[in-house]
Amino acid sequence: QVQLVESGGGLVQPGGSLRLSCVASGSFFSIYTMGWYRQAPGKQRELVAAISTGIGNTNYVESVKGRFTISRDNTKNTVYLQMNSLKPEDTAVYYCAAEKFGSVRLVRPDSWGQGTQVTVSS
């Protein structure tokens, strides 16, 4: 397993941008599919975006396509989520997740971060 620490959440106005970062401790970061889930109050946790190992295939939930971009830097053991054109419905706690040799659907994470709050409000 890896330990995951997120940063970059906060309060932003509608239409604004935020970049989330997640740093993984431990070895062999490159063999983990990485991703971001989110959970809004009263709703189930959902996968927002994931990026695979190797060539870095990506997967996005339909509601964020064209607005969010996931990327990874294996030299820094870090995965990013660039969020643009934010909407109030993006408000949630965002969790970094990792799955060893996982598919880009990231259905069974091995590790979770503690979560970072993103609030989109005027």
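On a predicted model such as this, the values are computed, not experimentally measured, just so you know. (Residues numbered from 1 in each chain as written. Predicted model: local features only at pLDDT ≥ 70, side-chain atom pairs only at ≥ 80, totals over all residues. Heavy atoms only, no water.)

Section: the state of the cysteines
Then comes step 1: The full count for this structure, using the stated rule, is one disulfide.
Then comes step 2: Across the disulfide, Cys22 is cross-linked to Cys96 (sulfur-sulfur distance 2.1 Å). When the S-S torsion is -85°, as for the bridge of Cys22 with Cys96, the disulfide is left-handed. Linking Cys22 in strand E3 (residues 18-25) with Cys96 in strand E9 (residues 92-100), this pair joins segments that are 74 residues apart in sequence. Taken as a pair, Cys22 and Cys96 share a single burial class, namely buried. (Disulfide = S-S within 2.5 Å. Helix = DSSP H or I, 4+ residues; strand = E, 2+ residues; numbered from the N terminus. Buried < 20%, exposed > 50% of the residue type's maximum accessible area, 1.4 Å probe, protein only.)

Notes on the layout of surface pockets
Then comes step 1: For the largest pocket, the calculated volume is near 190 Å³.
Then comes step 2: Lining the largest pocket are 14 residues; nearest its centre among them are Arg38, Ala40, Lys43, Glu46 and Glu89.
Then comes step 3: Taken together, the residues of the lining of the largest pocket break down into three nonpolar, four polar and seven charged. (1 Å grid on protein atoms, 1.4 Å probe; cavity = no way out; pocket = protein on both sides within 12 Å on 5 of 7 lines; lining within 4 Å. Points joined across faces, edges and corners; volume = space filled by probe spheres on them. Nonpolar A, V, L, I, M, F, W, Y, C, P; charged D, E, K, R; others polar.)

Remarks on the pairing of E3
Then comes step 1: Summarising the sheet, strand E1 (residues 3-7) and E3 pair through five bridges and their orientation is antiparallel. Residue Leu4 lies in a different strand from E3, and its bridge partner there is Ala24.
Then comes step 2: Direction of pairing for E3 relative to strand E8 (residues 78-83): antiparallel, over a ladder of six bridges. Counted as the bridge partner of Leu20 is Leu81 from E8. (Pairing = 2+ DSSP bridges.)

Quick word on the side chain of Ser111
Then comes step 1: Position of Ser111 among the secondary structure elements: in strand E10 (residues 111-112).
Then comes step 2: Within polar-contact distance, the side chain of Ser111 engages the backbone oxygen of Val2 at 3.0 Å.
Then comes step 3: When sequence neighbours within four positions are dropped, the list of residues in contact with Ser111 reads Gln1, Val2, Leu4, Cys96, Ala97 and Ala98. (Polar contact = N/O pair within 3.5 Å; in protein donor to acceptor, adjacent residues only side chain to side chain. Contact = heavy atoms within 4.5 Å.)

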